[in-house]
Amino acid sequence: MTGRFFLKRCLCIVLIGLACGTIMIIVQRANLLNGVECMSIDFRFLRRGTIPVNDKIIIIGTDEEALDKIEDPFIFWNPYFAAVIKAVAKGGARVIGFDFLQTIALKDKVGENDLDGIMTDAIMEAENVIMINLLRWNNAVNALTAVNPLPRYQYAADPDNIGFSNLIIDRDGRIRRQMLLLSDVEDNIYAHIGLRIIAKYLNSSIDKRGNHLWVGDFAIPVTHDNEMLINFAGPTGTFPIVSFYKAWQSAHRGDTGYFKKNFHDKIVLIGPGNIYSQDFKPTPYYRSRYYTGTRQTSGVEIMANVINTILERRFITSLQLWQAIFIVLFLGVLTSFASFKLSPGFGGISSFAIAAGYVYLCVVLFCRYNLLLDLICSVMVVPLTYTTVFSYRYTIEDKEKRRIKRIFKRYVSEEVVEELLQYPSEIPLGGNRVQATVLFSDIRGFTTLSENNDPQYIVSLLNAYFSMMVDIILKNKGTLDKYIGDGILAFYGAPIPREEHADLAVNSAIEMVSNLAMLSKSLALDTPLSIGIGIHSGEAVVGNIGSKRKMEYTIIGDTVNVASRIESLTKEFKANILITEMTFSRLKSRYHIIPEKEIVLRGKTKPVMLYRVEI
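Along each chain, the written sequence defines residue order, and numbers are assigned to residues from 1. Note on the predicted model: pLDDT of at least 70 is required for a residue's local features to be given, and 80 or more for side-chain atom pairs to be given and counted; whole-chain, interface and lining totals, by contrast, use all residues. Hydrogens and water molecules were not included; the side-chain quantities draw on all heavy atoms of the structure.

Attention now moves to the overall build of the protein chain. Starting at the N terminus, helices and strands are each numbered in turn, a helix being any DSSP run of H or I of at least four residues and a strand any DSSP run of E of at least two. Regarding its fold elements, the protein chain presents 20 helices and 27 strands. Scaling as 2.2 N^0.38, a compact globule of 615 residues should have a C-alpha radius of gyration of about 25 Å, whereas the protein chain reaches 45 Å, well beyond that. On the principal axes, the C-alpha backbone points of the protein chain span a range of 140 × 50 × 45 Å. For every residue, the accessible area obtained with a 1.4 Å probe (protein chains only) is divided by the maximum for its type, and the residue is called buried under 20%, exposed over 50%, and partly exposed between those limits. Evaluated residue by residue, the protein chain yields a buried proportion of 51% over its 615 residues. Two residues qualify as a contact provided that any one of their heavy atoms is within 4.5 Å of a heavy atom in the partner residue. Partitioning the intrachain contacts of the protein chain with sequence separation of at least 6 by distance along the chain shows that 72% fall at a separation of at least 24. With an accessible surface of roughly 30,500 Å², the protein chain has 55% of that area assigned to carbon and sulfur atoms. In this setup the radius of gyration rests on C-alpha atoms only. A globule is expected at 2.2 Å times the number of residues raised to 0.38. Calculation of accessible area relied on Shrake-Rupley with a 1.4 Å probe; when residues are assessed, cover is drawn exclusively from the protein chains displayed.

This is the structure:
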């Protein structure tokens, strides 16, 4: 019985944990908590803080100083960009990423200069400029189409040196990932400008193999949509940014030493860096209490983070689907076990510890190993399981325990009640045949005592007597059946089966008789109380017996009748305790026992051997 109950309970625990885990897996796969999960990614970035960046990456930003001091309108800055590009290239830059898109040709001549021609010449002379285009959704063809820079620029740069600058914006407006490959309506494949810059830097091609993009010996893990999580090194300003105005002034002066010192063998990114630009987006570091007052990150800095993620091989990896599912189910089952074993308070503490431990694990794995575990759904399975378990316990399991406690608290000790509650399914409340020992006790001369004393005195005497006797019975793991006048009916071996039920009954009887003198003294009785106890062992029926209006947990059967008749013989044999041979044969401890007499009880045909227990 115990084994079946244990297996049944374990199965229930596992099923609840798996059910709650399955619910959260469905929520996870449906992306119902995707927004909160994204916030958890930001939290991990903030806990990690900034990390070192690759010293090969440097940015030239069109800052506010350039806007203030360059008199020409920004649309006519081609000569300034051309001068900087030429100077950076001569300074030994490996790759130049140009994060501006010009799609409309200027007049062939503004003043005496061909502005587009000046820019084209600079691009051709540098031979290492990567330009941007955009891929926009075209409703007419229901696909992406490319918005390219001027044909002159495309020819000067080479079509292989053009990459898209589209950003992937999550629902909360933040940038956390980057698409590295896209195709247009004609199935032309376009690479992100950061990927193009890496390919140019390594003098390598871009290849897709399985779940990785290969550039040289760099294997970039991507999703089936060719997305890569950007491992942001920090908030805006993490990468070194050179003032465009300062760079232009150095180029204008012909200061080649400046460019060789600062840009030799570098990846140089030229892009918007002023507050008036619309090319700023929030990242995981924006508007956090750790970086209060920081502004959003410019597009060229986001590009730098993409390049840095690849060059430093700091790829953020996620678990496979089966691994993520296993974690959710494991947390559900673990919480279920903890909640079933503990009280609601300690269960809540243990559940909180499980959730906090998992959050800590997620943060550590992200900070140290760039491993991104699903956090929110995995953590949410803990309170869901905790609530489900205690709802189940309250409505089903604990309800049964409360019923058991209500029934048995009048009959057995608290210790036995707690023992019963451990195995509620093993209690046959509807009636069951058991091997038990029945104890019947009665006060001798109680009728005379009642006639010679005040009723209130008799009641107080009985209350004191019953309190002491019942305490002894319960201490010896007996079950109090009922009071019959001044008599007590108790039994041993039920509701919890016990092999030593005969010894427990005899121990109780010896203690009951031994304590009578102390009770008589405390009550200041003229004549000490004397009791007779009859004990018999055998098969009996135990269970809830009665009517719909009133039921009692009691014992019935011939074993009870024999014990009652044995008790009535104690006066005749002048013995305090008489036991039958059935009880004597079951005793395992040593007692001072004397054979008394073999006798045929009233209503019986077979004789019963009686034994006297001496104290």
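Moving on from the model shown.
Bringing helix 4 (residues 78-90) into the picture now. The span one expects for a helix is its residue count, reduced by one, times 1.5 Å. The end-to-end C-alpha distance of helix 4, which contains 13 residues, comes to 18 Å, matching closely the 18 Å that a straight helix rising 1.5 Å per residue would cover. Buried within helix 4 are the following residues: Asn78, Tyr80, Phe81, Ala82, Val84, Ile85, Ala87 and Val88. Once helix 4 finishes, Gly92 follows within two positions and takes phi at roughly 100 degrees, a positive value.

This paragraph deals with the sheet that holds strand 11 (residues 212-215). The pairing of strands in a sheet comes from backbone hydrogen bonds and takes either a parallel or an antiparallel form. Paired strands are those between which DSSP finds at least two bridges. The sheet built from 3 strands is open, its strands ordered 10-11-12 with antiparallel pairing. Two strands lie at the open edges of the sheet, namely strand 10 (206-209) and strand 12 (218-221), each paired on one side alone. Neighbour-to-neighbour, the strand axes of this sheet turn through a mean angle of 25 degrees, independent of strand direction. Pairing geometry for strand 10 and strand 11, over 4 bridges, is antiparallel. Within strand 11, the position partnered with Arg209 by the bridge is His212. Lines fitted to C-alpha atoms define the axes, with helix axes restricted to the stretch in contact, and inter-axis angles between N-to-C directions lie between 0 and 180 degrees. The strands that helix 7 (residues 193-202) touches are strand 10, strand 11 and strand 12; relative to strand 11, the one it contacts most, it runs at about 35 degrees.

It is worth spelling out the packing of aromatic side chains at this point. In this analysis, rings of Phe, Tyr and Trp, with Trp reduced to its six-membered ring, are considered paired at centre separations within 6.5 Å, and the interplanar angle assigns stacked below 30 degrees, edge-to-face beyond 60, and tilted for intermediate values. If you walk through the whole model with that rule in mind, you get 24 aromatic pairs. Each ring, one from Tyr258 and one from Phe259, has its centre 5.2 Å from the other, and the planes form 85 degrees; the classification is edge-to-face. In this structure Tyr258 comes out as buried when scored by relative accessible area, which is 13%. The class for Phe259 is buried, based on a relative accessible area of 2%.

Turning to the environment of Asn31, a few remarks are in order. The topology assignment puts Asn31 in the loop between helix 1 (2-29) and helix 2 (34-48). As a C-alpha pair, Asn31 and Cys377 span 346 residues in sequence and 9.8 Å in three-dimensional space.

The buried count for helix 7 comes to 8 of 10 residues, which makes it a mostly enclosed element. After helix 7 finishes, the residue Asn203 shows a positive phi value of roughly 55 degrees.

Okay, the pattern of salt bridges next. Take a side-chain nitrogen of Lys or Arg and a carboxyl oxygen of Asp or Glu: if they are within 4 Å of each other, that pair is a salt bridge. Considering all chains together, one arrives at 23 salt bridges under this definition. With a closest N to O distance of 2.9 Å, Asp170 and Arg176 form a salt bridge. Across the pair, exposure class does not vary: Asp170 and Arg176 are buried alike. We note a salt bridge from Lys604 to Asp558, for which the minimum N-O separation is 2.3 Å. In this pair, Lys604 is assigned in the loop between strand 26 (593-599) and strand 27 (608-613) and Asp558 in helix 19 (residues 558-569), connecting sequence segments 46 residues apart. A relative accessible area of 28% means that Lys604 is categorised as partly exposed. Given the relative accessible area of 40%, Asp558 is considered partly exposed. Salt bridges linked by common partners bring Asp42, Asp170, Asp172, Arg174, Arg176, Arg177 and Glu227 together as one network.

Below, the discussion takes up the packing of helix 7 against helix 10 (residues 299-311). Where helix 7 contacts helix 10, the two axes come as close as 9 Å, and the packing angle between them is 45 degrees. Here helix 10 runs oblique to helix 7, going by the angle between their axes. As helix 7 packs across helix 10, the resulting crossing turns out to be right-handed. Touching Ile193, Gly194, Leu195, Ile197, Ile198 and Tyr201 of helix 7 are Met303, Ile307, Ile310 and Leu311, all from helix 10. All amino acids are sorted into three groups, where Ala, Val, Leu, Ile, Met, Phe, Trp, Tyr, Cys and Pro are nonpolar, Asp, Glu, Lys and Arg are charged, and the leftover types, Gly among them, are polar. Grouping the amino acids of the contact of helix 7 with helix 10 by side-chain chemistry returns 9 nonpolar, 1 polar and no charged. Should an angle fall under 35 degrees it is called roughly parallel, over 145 degrees roughly antiparallel, and 65 to 115 degrees roughly perpendicular, with every other angle called oblique. Note: crossing handedness is left-handed where the near helix turns anticlockwise from the far helix by less than a right angle, and right-handed where it turns clockwise.

Think of a nonpolar core as a cluster: buried Ala, Val, Leu, Ile, Met, Phe, Trp, Tyr and Cys residues, connected wherever their side-chain atoms sit within 4.5 Å. In terms of nonpolar packing, the biggest core is built from 44 residues, with Leu195, Ile197, Ile220, Leu269, Ile307 and Ile310 touching the most fellow members. At the level of secondary structure, the elements contributing two or more residues to this core comprise helix 2, strand 1 (57-62), strand 3 (129-138), helix 7, strand 11, strand 12, strand 15 (267-272) and helix 10. If we skip the residues at most four places from it in the chain, Ile220 touches Leu180, Leu195, Asn211, His212, Leu213, Val215, Met228, Ile310 and Phe315. Residues Tyr465, Ala502, Ala505 and Met512 belong to the second largest nonpolar core, which totals 41 residues.

Here the focus is a nonpolar patch on the surface. There is a patch of nonpolar side chains on the surface, built from Trp322, Phe326, Phe330 and Leu334 and spanning about 460 Å² of accessible area. Along the polypeptide, Trp322 turns up in helix 11 (residues 321-341). Given the relative accessible area of 56%, Trp322 is considered exposed. Each patch is built from residues that are more than 30% exposed by relative accessible area and take part in no salt bridge. Like charges join if they lie within 9 Å; nonpolar side chains (Val, Leu, Ile, Met, Phe, Trp, Tyr) join within 5 Å.

Attention shifts here to the side chain of Ser520. For Ser520, the position within the fold is in helix 18 (residues 516-522). What makes Ser520 buried here is its relative accessible area of 4%. Among residues more than four places away in sequence, those in contact with Ser520 are Leu525, Pro528 and Leu529.

Turning our eyes to something else, we now look at the environment of Arg176. For Arg176, the location among the structural elements is in strand 7 (residues 175-179). A sequence separation of 134 residues divides Arg176 from Asp42, and the C-alpha atoms of the two residues are 8.7 Å apart. Sequence-distant contacts of Arg176, defined by excluding residues within four places in its chain, comprise Cys38, Met39, Asp42, Ile168, Asp170, Leu229, Ile230, Phe232 and Pro284. A polar contact is formed between the side chain of Arg176 and the side chain of Asp172, at a distance of 2.5 Å. What qualifies as a polar contact is a pair of N or O atoms within 3.5 Å, subject to a donor-acceptor requirement within protein and to the restriction that residues adjacent in sequence count only when both atoms come from side chains.

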